[in-house]
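Residue-level listing of the chains:
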Amino acid sequence: LKANSSEWSLVRRHKCEDVFGIQVAGGDHRLMDRLSQVIENELDVDFVDLNMGCPLDFICGKGMGSKLMLRVNRVKNIVQSMTSRLSVPMTLKLRTGWSKTSPMAHSFLEKIPLWNMELCKNRTGGPAIQAVTIHGR
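Definitions and cut-offs
- Residues numbered from 1 in each chain as written.
- Predicted model: local features only at pLDDT ≥ 70, side-chain atom pairs only at ≥ 80, totals over all residues.
- Heavy atoms only, no water.
- Phe/Tyr/Trp six-rings, centres within 6.5 Å; stacked < 30°, edge-to-face > 60°.
- Buried < 20%, exposed > 50% of the residue type's maximum accessible area, 1.4 Å probe, protein only.
- Disulfide = S-S within 2.5 Å.
- Salt bridge = Lys/Arg side-chain N within 4 Å of Asp/Glu carboxyl O.
- Helix = DSSP H or I, 4+ residues; strand = E, 2+ residues; numbered from the N terminus.

Right, let's get into the packing of aromatic side chains. For the structure shown, the criterion picks out one aromatic pair. Between Phe108 and Trp115 the ring centres are 5.9 Å apart and the planes differ by 80°, which places this aromatic pair in the edge-to-face class. Phe108 sits in the buried class, given a relative accessible area of 0%.

This next bit is on the state of the cysteines. Summed over the entire model, instances satisfying the criterion amount to zero disulfides. Cys54 carries a free sulfur, and the closest cysteine sulfur to it, the one in Cys60, is 6.0 Å from it. The exposure class assigned to Cys54 is buried, which follows from its relative accessible area of 15%.

This brings us to the pattern of salt bridges. Oppositely charged side chains can pair when the atoms bearing their charge come close. Applying the stated criterion across every chain yields a total of five salt bridges. A salt bridge links Asp28 to Arg30; its shortest N-O distance comes to 2.8 Å. Asp28 gets classed as partly exposed once you look at its relative accessible area, which sits at 24%. With its nearest N and O atoms 2.9 Å apart, the salt bridge here joins Glu118 to Lys76. Here the residue Glu118 occupies a position in helix α5 (residues 105-119), and Lys76 occupies one in helix α4 (residues 72-85), the gap between them amounting to 42 residues. Here Glu118 falls in the partly exposed class, since its relative accessible area comes to 39%. Here the residues in one salt-bridge network are Arg13, Asp44 and Asp46, joined through shared partners.

Right, here's the structure in full:
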């Protein structure tokens, strides 16, 4: 959203790439809504992946990455905002949990089919969340 040339170079599809997706991180559904508009209008991608797997302090400190897994309603709002704009599939990347001693991906996975049923009422192109990757600890 800052339109830095270094960021734009990361999201350019090379002609040899048959499948090209981008991974995004964010914790505010309004910013992610704006980002999805940019993706839809400016980029040639096959899917968009929401990163909830990054454990780095400077990412988690902003409520993004794996810290976002602790805010289920916020994730749902982000997914709702983004999938209402995107014409390409959206995927999620999770960790097994926020900490080694407290796995929680299973409880998150239970919610996704319910979200898909709710979010797909006014959506064409299949489920809102079309795949999930779990990044182990």
